[in-house]
Structure formats: structure tokens, C-alpha cells
Amino acid sequence: MDENKIMEGVRLLLEGLGEDPKREGLLETPQRIARMYGEIFAGMTQSAAQPLAKTFHTQHTDMVLEKDIPFYSTCEHHLLPFYGKAHIAYIPDGRVVGLSKLARTVEIFARRLQLQERMTAQTADAVMEYLQPKGVMVMVEAEHMCMTMRGIKKPGSRTLTYAARGVFEENDKLQDRFFQMVSSR
């Protein structure tokens, strides 16, 4: 990331809003925003290959589900946050991955300028590519600030997306079991 360009952009934005970037409360805002963007967009320079590389041999061949993985992302259309939970299930084919690695994978894709639909697909594709299970299913449910604080202004509305790969694609029973497991508390 080019922090200097980010800082200049923030100064221009403040001026465009009619603010004085030299006002006491705004003096360090461009630097704060540049540092913050380095953190919230860290996934732009990361690959899911790293967290999904460490696997363990297993005889287990039934569904593994990690659910309610919280995430925060930024909508590429309005540069506003969207946040929620991701759920990932896969059917091992001789290898499993540490459960924290699934959460790290979600985090990598969430920490980019993003569309929820793309993030869902990227997560499923990464698990298929690097873990090579028999199949994977990912569901993401999120609230989008572009829907709640501007435009239609409908707080509490949630968007659900899902992606099915491998054996999940054509197997309604597996999909139903996934949805039942996700909805159970």
C-alpha cells in the first residue's frame, strides 16, 4: 500500500467535504486512516495457501463444520463495512486442517475491498484448492452498512450467500445437513 497516496486522498476528501485538514481534530486523521487501511485491508497481500497448508492425516470422512466465524469486511461499491458470520463445512479426503485455519482463511478474504458473493466463492475455492477435500460448502450471512445507514436504510436486514463445491454441489441431503447444522444452536 502507498500510505502517502492514502494520506493525500484523505486530505482531499476532507477538503471536498468542506473541512479544514489543518484543524486540530483532523491534523493526524490522514495518518490514522493510512494505518487503519493497512490493518483492515491486510488480506490484499495475503494468500489462503499459507493457513491451509498445514494439514493432518485422518481416517475421518464425515462432515467437518466450523460455524459462526465472525468477520468484518469493506464493500467495494461504497467503501462501507459489512460484517457477519461465515460457516464452512468440508468432507475430508484423508486430510484435515486445524479449525483456526478456516477462520484465518475467512479473515484473509474479508480483509479486502470485497463483495459478499465473491468472498463466499473465494473461501470455498481456496478450501477446495489447498485442502483438496471431497467437497466444501460455505455460507456467509452479513449486514451491509450501505443498506442500513444510507440508501434504503433497513437496519437488521441480512444478506445470505453460499457456495457449494465438489460433493456438495449435487447432493441435496448434504446441503440440507449443512443448513441444519448451521441453524442449530
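Before going into details, it helps to say that this report is about the structure given with it. (Residues numbered from 1 in each chain as written. Predicted model: local features only at pLDDT ≥ 70, side-chain atom pairs only at ≥ 80, totals over all residues. Heavy atoms only, no water.)

### Notes on the overall build of the protein
- The number of helices and strands found in the protein is 7 helices and 7 strands.
- Here the C-alpha coordinates of the protein stretch approximately 65 × 35 × 25 Å along the principal axes.
- Here the protein, with 185 residues, has 39% of them falling under the buried criterion.
- A separation of at least 24 residues holds for 69% of the contacts in the protein among residues at least 6 apart in sequence.
- Split by element, the accessible area of the protein, about 10600 Å² in all, is 53% carbon and sulfur. (Helix = DSSP H or I, 4+ residues; strand = E, 2+ residues; numbered from the N terminus. Buried < 20%, exposed > 50% of the residue type's maximum accessible area, 1.4 Å probe, protein only. Contact = heavy atoms within 4.5 Å. Areas by Shrake-Rupley, 256 points an atom, 1.4 Å probe, with all protein chains shown as cover.)

### Digging into the sheet that holds strand 7 (residues 159-166)
- Within the open sheet, the 5 strands sit side by side as 5-2-3-6-7. Their pairing is mixed. The two strands at the open ends of the sheet, each matched to only one other strand, are strand 5 (113-114) and strand 7.
- With 10 bridges joining them, strand 3 (residues 81-91) and strand 6 (residues 135-144) adopt antiparallel strand pairing. Residue pairing across strands places A86 opposite V140, the latter belonging to strand 6.
- Packed onto the sheet, helix 7 (residues 172-183) meets strand 2 (64-75), strand 3, strand 6 and strand 7 and runs at close to 45° relative to strand 6. (Pairing = 2+ DSSP bridges. Axes fitted to C-alpha atoms, helices over the stretch in contact; angles between N-to-C directions.)

### Some words on unusual backbone geometry
- Phi at D68 takes a positive value of approximately 60°, unusual for a residue other than glycine.
- Position of D68 among the secondary structure elements: in strand 2.
- If you check the backbone angles, L79 has positive phi at about 55° while not being a glycine.

### Details of a negative patch on the surface
- On the surface, a cluster of negative charge is made up of E169, E170, D172 and D176.
- Its location among the elements puts E170 in the loop between strand 7 and helix 7. (Patch = residues over 30% accessible without salt bridge, like charges linked within 9 Å, V, L, I, M, F, W, Y side chains within 5 Å. Salt bridge = Lys/Arg side-chain N within 4 Å of Asp/Glu carboxyl O. Lys, Arg positive; Asp, Glu negative; His and termini not counted. Charge placed at Lys NZ, Arg CZ, Asp CG, Glu CD.)

### Things to note about the packing of helix 1 (residues 3-16) against helix 2 (residues 29-40)
- Relative orientation of the contacting elements helix 1 and helix 2 amounts to 130°, with a least axis distance of 8 Å. In terms of their interaxial angle, helix 1 and helix 2 are classed as oblique. Crossing angle aside, the handedness with which helix 1 passes helix 2 is right-handed. Within the contact between the two elements, helix 1 uses E3, I6, M7, V10 and R11 and helix 2 uses T29, P30, Q31, I33, A34 and Y37.
- Across the contact of helix 1 with helix 2, the residue classes tally to 7 nonpolar, 2 polar and 2 charged. (Parallel < 35°, antiparallel > 145°, perpendicular 65-115°, else oblique. Left-handed = near helix turned anticlockwise from the far one by under 90°. Nonpolar A, V, L, I, M, F, W, Y, C, P; charged D, E, K, R; others polar.)

### A look at the packing of aromatic side chains
- Enumeration over the complete set of coordinates arrives at 5 aromatic pairs.
- Geometrically, the ring pair formed by Y37 and F41 is tilted, given 5.3 Å between the ring centres and 55° between the ring planes.
- You can call Y37 partly exposed: its relative accessible area is 27%.
- Residue classification places F41 among the buried residues on the basis of a relative accessible area of 8%.
- Each ring, one from Y162 and one from F179, has its centre 5.7 Å from the other, and the planes form 90°; the classification is edge-to-face. Here Y162, found in strand 7, pairs with F179, found in helix 7; they are 17 residues apart in sequence, far enough to count as distant.
- An aromatic cluster is defined as three or more aromatic residues linked by ring pairs; in this entry it consists of Y162, F178 and F179. (Phe/Tyr/Trp six-rings, centres within 6.5 Å; stacked < 30°, edge-to-face > 60°.)

### Description of helix 1
- The first and last C-alpha atoms of helix 1 sit 20 Å apart over 14 residues, in line with the 20 Å expected at 1.5 Å per residue.
- Within the sequence span of helix 1, burial applies to I6, M7, V10 and L14. One side of helix 1 holds all its buried residues, which, seen down the axis, span an arc of 100°. Structural note: helix 1 exposes N4, K5 and G16 on the side pointing more than 90 degrees away from its buried face.
- Where helix 1 is buried, its residues contact helix 2.
- Capping the start of helix 1 is the job of one residue whose side-chain oxygen sits 3.2 Å from the backbone nitrogen of N4: D2.
- The first or second residue beyond helix 1 is G18, which carries a positive phi of 90°. (Expected span 1.5 Å × (residues − 1). Arc of directions from axis to C-beta. Polar contact = N/O pair within 3.5 Å; in protein donor to acceptor, adjacent residues only side chain to side chain.)

Spatial relationships are all this shows, so hold off on functional conclusions.
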